[in-house]
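Fold and geometry: a report
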Amino acid sequence: MAAEAEGLEPQAAATEDAAGDATEAADAELRLLVGNRLSLDLYPGGCHRLLHLCAQRPPQLGEVEFLQLSGHEDPQLLEATLTQVPRNLQRLRSLVLRGGQHWDVLGACLRGSLTTLPAGLSGLARLAHLDLSFNSLETLPACIPQMRGLSTLLLSYNHLSELPEALGALPSLTFLSVTHNRLQTLPIALGALSTLQRLDLSGNLLDTLPPEIGGLSSLTELNLASNRLQGLPTSLVGLRSLRLLVLHSNLLTSVPTGLVHLPLLTRLDLRDNQLRDVPPELLDAPFVRLQGNPLGEALPAPQSPPGAPVILEMPRLFLNSDVDSFPVTPQGCSVTLACGVRLQFPAGATASPVNIQYRLWLPEPRLVPLGPHDSLLSGVLELQPHGVAFRQKVSLWLLFVPPRIRRCREVVVRTLSGDSWGDLDTHVEEEAPKRLWAHCQVPHFSWFLVVSRPVSNTCLVPPEGTLLCCSGYPGVKVTFPPGATEEPRSVCMQVVRMASRELRALLGEPEAAASPLLCLSQSGGPPSFLQPVTVQLPLPPGVTGLSLDRSCLHLLYRTPLEAAWDDITAQVALELTHLYARFQVTHFSWYWLWYTTKTCVQDLARKAWERLRLHRVNLIALQRRRDPEQVLLQCLPRDKVDATLRRLLDRYRGPEPSDTVEMFEGEKFFAAFEKGIDVDAERPDCVEGRVCFVFYSHLKNVKEVYVTTTLDRQVQAVRGQVSFYRGAVPEEVPEEAKAARQKKGMDTVWMATLPIKLPSNLLTVAGRLGPDWPAVALHLGLPYRELQRIRHEFRDDLDGQIRHMLFSWAERQAGQPGAVGLLLRALEQSDRLDVAEEVRAILELGRQKYKDSIQRTSLAPRGLDPADPAAPQSVESAQA
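In this text the structure is predicted, and so the values were computed from the model without any measurement.

Focus on the overall build of the protein chain
What the protein chain contains, in helices and strands, is 15 helices and 48 strands. Per-residue burial over the protein chain gives 47% buried out of 880 residues. Long-range pairs, those at least 24 residues apart, make up 60% of the contacts in the protein chain with a sequence separation of at least 6. For the protein chain, the computed accessible surface area is about 42,900 Å², with 52% contributed by carbon and sulfur atoms.

Written out as structure tokens, the structure is:
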């Protein structure tokens, strides 16, 4: 018997463990039921969790009114889960099945796998809100027109090419969004939606509108931007409730004059169309936007007489961000892309129709070839098919960031041709003071980016010799004698200037000076000349040939292979005039003339050359005021910090920027969250919780991430930090990098550390208010007009409404005592005693922790009464 008992004991223990695990799993799933909300879109295996809850059927499940699931689940599993919804969640009012929560390697949102809905969902009699955005729907599920109580239907970023006529049978629909789909026509029955107030159809392929659209008597907002509309039905003038009409980026040549007389219209956006002759009423109306139209330009030439050859007008295409390709025929076309790119294909550029694909890549070192003194001014554009030659050159316009330094610098478009990168002849066109286009002609498609570089003077050196002068510095000349080359060679000269004050600060010598830095390069061929080449450089500022001390003059040469600087003064014959120095060289490289009393200047020259290429920057880490878990990280040039902070601080708060650090153009660095803070979601630019960056001085270098913590936030805030380190992301931050935080410089990995604070979970508890938040807000003293504004601004986000209301109230209470007491009274007056009791429990736990911490530090007087109001007051102040 003893042996049998011993054999049964492990089995019983295993059974108890399994039961305990099942109980813990069930408790974890029940904790997901927050009030009447069930948010499973951010949890792995959300469908499995919901199916398990449906099998258990806890009482709380029948009270759920808001359900969120991810559209990235397995399609069959998602369909099986949705089949259970009408049986178990009969009170459901809002159903969110969005995709777009995962990203590809370039940071673009991925669509969900949802392609249809089970027919049984039409039995959700109370359903008023349905969000199917960022999915793969090609047709509207048949159950949707049967949802008679539906008031909000969101279908953006799908693959819908049409809407069914049955959609007009939704009697309660007030908001319909079908943006960024493939709609080419609209159903006539759309005009029967008499309750519809907001209609967003932007980013589609619509070329006409049905006249029945004028029957939308309750419509207040209509967005038809980025379509292919060439005309509008006159029935639009019957939309007497319309306040906002957006029609920009279409092909409109005229609009009904009566639109300007709509009694409630406050904005009419007609930008970027083909309007030439506009009625005076539209021109004079203050709420009409007409930029980007060829107003006043000559009309097309009249039709040719019979028998004359017909000249077809070149098509014009305006593509939205959801379209990644377009066709080009032998007729040619003009194309405007949403990413700040324009193309013009002349007639005959292609012999047969070609489908062009495009993509805008995030810049990174492997896609951005930069010279030592170049700066990137744009993203990287890829146009396919690569290498296909056109019969005529295609015009390309790229929008770029204006460079901060323009003297002796130029803007060029850089492209990959074969295996090497080269610069195209580029013309800068200014559309507005800060809106510049780089225009070039391209013979074939490849990769393209806009770069600022030192002015480059190029010439073809024949065997007979030639003279090459610098356009930015007339005193810099290179003379190629006869016989310097056997075959014609293309030689390029660039000149870079260094400010004398920077050199003096580096050398610690008030009389030090340097000439402009000269670079001689070529696209190919041997690295040296057959005959010495004569170079003329101006003497350093403040130095003349009649008064200088020759022992202080140094000619420096940069060794290409070792990337080091050599003093070659003793190896060349320097010929000096009053203003210039002449010498002969035989190699392509960098040459620099210094005047200093220092004797060993090779290492100083390396540091000075680095100083020329370094940018002084500051790092910032800000948290959104109304959502502290959203953190903005940015690396900014020092002269842009103040202006950027002025623009951001109405929405963000955070510590002062870091101390100034120095970075190279295109240098990699990363941000690591530490002390209990971690990144909340998977990102393509995040490795092991560390966010990757590449610094480009003219780009924004900004990323927003959501963070979380594994520490206890029930009572006190979590005080973590984010540190910035140089280089690519390692598997873990080296200890020597952490230990080097007391010193800075280019030889240290660590750059800066900034604090991050996540508030306590009182806000999370308050998030259980659900739809009762307006009653709490009124008892807190918020005006009704403020409630209406919050409802409108966050109309599709209940959590956002609650969060915004609480932060608005908390900002008004800043610095005033008794804020927590006001919140408790408002909860009680709103009949939310459950939330009030939970807040009290958290406060009591906080009081106890406060008392324990005081006693541990021996600061508490003997006989401290736990009910002493002094301690709770401190805790409540901290919680507030």
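Here's the deal with the sheet that holds strand S27 (residues 466-469)
Whether parallel or antiparallel, the strands of a sheet pair through hydrogen bonds between backbone atoms. With respect to topology, 5 strands assemble into an open sheet ordered S27-S28-S32-S36-S35, the strand pairing being antiparallel. Two strands lie at the open edges of the sheet, namely S27 and strand S35 (575-576), each paired on one side alone. As paired strands, strand S28 (residues 477-480) and strand S32 (residues 528-538) are joined by 3 bridges and run antiparallel to one another. Looking across to S32, one finds that Thr-479 is bridged to Thr-534.

Some details on helix H6 (residues 602-613)
Its 12 residues give H6 an end-to-end C-alpha distance of 17 Å, which sits within 8% of 16 Å, the value for a rise of 1.5 Å per residue. Within the span of H6, buried status applies to Leu-604, Ala-605, Ala-608 and Trp-609. Projected onto a plane normal to the axis of H6, the buried residues spread over an arc of 140° and lie on a single side. Buried residues along H6 sit against helix H5 (500-507), strand S31 (517-522), strand S33 (553-559), strand S34 (564-567) and strand S37 (590-595).

With respect to the side chain of His-373
Tracing the chain through its elements places His-373 in the loop between strand S17 (354-361) and strand S18 (375-376). Leave out the neighbours within four places in its chain, and His-373 touches Arg-409, Ser-452, Pro-454, Val-496, Leu-517, Trp-590, Trp-609, Leu-612 and Arg-613.

Remarks on the pattern of salt bridges
Within the structure shown, the criterion is met by 23 salt bridges. A salt bridge links Arg-453 to Glu-410, with the nearest nitrogen and oxygen atoms 2.8 Å apart. With a gap of 43 residues between them, Arg-453 in strand S25 (residues 447-454) and Glu-410 in strand S21 (residues 409-417) connect regions that are remote in the sequence. Judged by relative accessible area, Glu-410 falls into the partly exposed class, the value being 22%. Residue Asp-685 pairs with Lys-703 through a salt bridge whose shortest N-O separation is 3.0 Å. A residue pair is termed long-range when its members are at least 10 positions apart, and Asp-685 in the loop between strand S43 (677-679) and strand S44 (686-687) and Lys-703 in strand S46 (residues 702-709) qualify at 18 residues. When its relative accessible area of 17% is taken as the criterion, Asp-685 is described as buried. A cluster of three or more residues bridged by salt bridges with shared partners is formed by Asp-374, Glu-410, Arg-414, Asp-423 and Arg-453.

Here's the deal with the nonpolar core
Counting 76 residues, the largest nonpolar core has Leu-117, Leu-222 and Leu-268 as its most contacted members. Mapped by element, the contributors of at least two residues to this core are helix H2 (46-56), strand S3 (66-70), helix H3 (75-88) and strand S4 (94-98). Those residues in contact with Leu-222 that sit more than four places away from it in its chain are Leu-199, Ile-213, Leu-236, Leu-239, Leu-242, Leu-244, Leu-245 and Val-246. Counting residues in hydrophobic clusters, the runner-up holds 35 residues, among them Val-461, Tyr-473, Leu-539 and Leu-576.

Looking at the packing of helix H11 (residues 784-793) against helix H12 (residues 798-813)
Put simply, H11 and H12 touch, their axes get as near as 9 Å, and they point 140° apart. Classified by the interaxial angle, the pair formed by H11 and H12 is oblique. Seen from above, H11 lies across H12 with right-handed handedness. Within the contact between the two elements, H11 uses Glu-786, Arg-789, Ile-790, Arg-791 and Glu-793 and H12 uses Gln-801, His-804, Met-805, Ser-808 and Arg-812. Partitioning the contact of H11 with H12 into residue classes produces 2 nonpolar, 3 polar and 5 charged.

Concerning the environment of Ala-752
As for its placement among the helices and strands, Ala-752 is situated in strand S48 (residues 750-758). Residue classification places Ala-752 among the buried residues on the basis of a relative accessible area of 4%. A C-alpha to C-alpha distance of 9.1 Å links Ala-752 and Asn-618, two positions 134 residues apart in sequence. Residues in contact with Ala-752, not counting those within four places in the same chain, are Leu-619, Ser-658, Val-722, Ser-723 and Phe-724.

Notes on the sheet that holds strand S42 (residues 667-674)
Read across the open sheet, the 5 strands follow the order S44-S45-S42-S47-S48; overall the sheet is antiparallel. Looking along the sheet, the strands with just one partner apiece sit at the ends: S44 and S48.

Remarks on the environment of Asp-627
As for its position among the elements, Asp-627 is in strand S39 (residues 627-637). When its relative accessible area of 13% is taken as the criterion, Asp-627 is described as buried. Along the sequence, Asp-627 and Tyr-706 sit 79 residues apart, while their C-alpha atoms lie 9.4 Å from each other. Among residues more than four places away in sequence, those in contact with Asp-627 are Tyr-706, Arg-803 and Phe-807.

Points about H12
The terminal C-alpha atoms of H12, which comprises 16 residues, lie 23 Å apart, in line with the 22 Å expected from a rise of 1.5 Å per residue. Taken together, the buried positions of H12 are occupied by Leu-798, Gly-800, Gln-801, Ile-802, His-804, Met-805, Leu-806, Phe-807, Ser-808, Trp-809 and Gln-813.

A short note on the packing of aromatic side chains
This model, assessed by the stated rule, comprises 16 aromatic pairs. Between Phe-529 and Phe-588, the aromatic rings sit 4.5 Å apart at their centres with planes inclined by 45°, giving tilted as the arrangement. Here Phe-529 is found in strand S32, whereas its partner Phe-588 is found in the loop between strand S36 (580-587) and S37, with 59 residues between them in sequence. Of the two residues examined, Phe-529 and Phe-588, each falls in the buried class.

Here's the deal with the pairing of strand S38 (residues 614-624)
Burial runs high along S38: 9 of the 11 residues are buried. Taken together, the 4 bridges between S38 and strand S41 (residues 661-664) define a ladder with antiparallel strand orientation. Bridge pairing in S41 places Val-617 opposite Val-661. Sheet topology places S38 next to S39; 8 bridges connect them, and they run antiparallel.

Notes on the confidence of the model for the protein chain
Residue-level pLDDT values for the protein chain average 81, and 83% of them are 70 or greater. Segment residues 857-880 is flagged for pLDDT under 50; beyond a separation of four residues in sequence, or across chains, it makes 24 contacts in the model.

Some words on the environment of Leu-38
Mapped onto the elements, Leu-38 comes out in strand S2 (residues 37-39). When its relative accessible area of 0% is taken as the criterion, Leu-38 is described as buried. The sequence separation of Leu-38 and Glu-65 amounts to 27 residues, and the corresponding C-alpha distance is 8.1 Å.

Thoughts on the pairing of S39
Counting buried residues in S39 gives 10 out of 11 residues, a clear majority hidden from the surface. Between S38 and S39, which pair antiparallel one after the other, the connecting turn spans 2 residues. In this sheet, S46 lies alongside S39 in antiparallel orientation, the contact comprising 5 bridges. In the strand pairing of S46, Leu-632 is matched with Glu-704.

Concerning the side chain of Glu-665
Locating Glu-665 in the fold gives a position in the loop between S41 and S42. Taking relative accessible area as the criterion, Glu-665 reaches 16% and is therefore assigned buried. A distance of 3.0 Å separates the side chain of Glu-665 from the backbone nitrogen of Leu-376, its partner in a polar contact. A distance of 2.8 Å separates the side chain of Glu-665 from the side chain of Ser-697, its partner in a polar contact.

Rules of the game
- Residues numbered from 1 in each chain as written.
- Predicted model: local features only at pLDDT ≥ 70, side-chain atom pairs only at ≥ 80, totals over all residues.
- Heavy atoms only, no water.
- Helix = DSSP H or I, 4+ residues; strand = E, 2+ residues; numbered from the N terminus.
- Buried < 20%, exposed > 50% of the residue type's maximum accessible area, 1.4 Å probe, protein only.
- Contact = heavy atoms within 4.5 Å.
- Areas by Shrake-Rupley, 256 points an atom, 1.4 Å probe, with all protein chains shown as cover.
- Pairing = 2+ DSSP bridges.
- Expected span 1.5 Å × (residues − 1).
- Arc of directions from axis to C-beta.
- Salt bridge = Lys/Arg side-chain N within 4 Å of Asp/Glu carboxyl O.
- Core = buried A, V, L, I, M, F, W, Y, C linked by side-chain atoms within 4.5 Å.
- Axes fitted to C-alpha atoms, helices over the stretch in contact; angles between N-to-C directions.
- Parallel < 35°, antiparallel > 145°, perpendicular 65-115°, else oblique.
- Left-handed = near helix turned anticlockwise from the far one by under 90°.
- Nonpolar A, V, L, I, M, F, W, Y, C, P; charged D, E, K, R; others polar.
- Phe/Tyr/Trp six-rings, centres within 6.5 Å; stacked < 30°, edge-to-face > 60°.
- pLDDT = per-residue confidence, 0-100.
- Polar contact = N/O pair within 3.5 Å; in protein donor to acceptor, adjacent residues only side chain to side chain.

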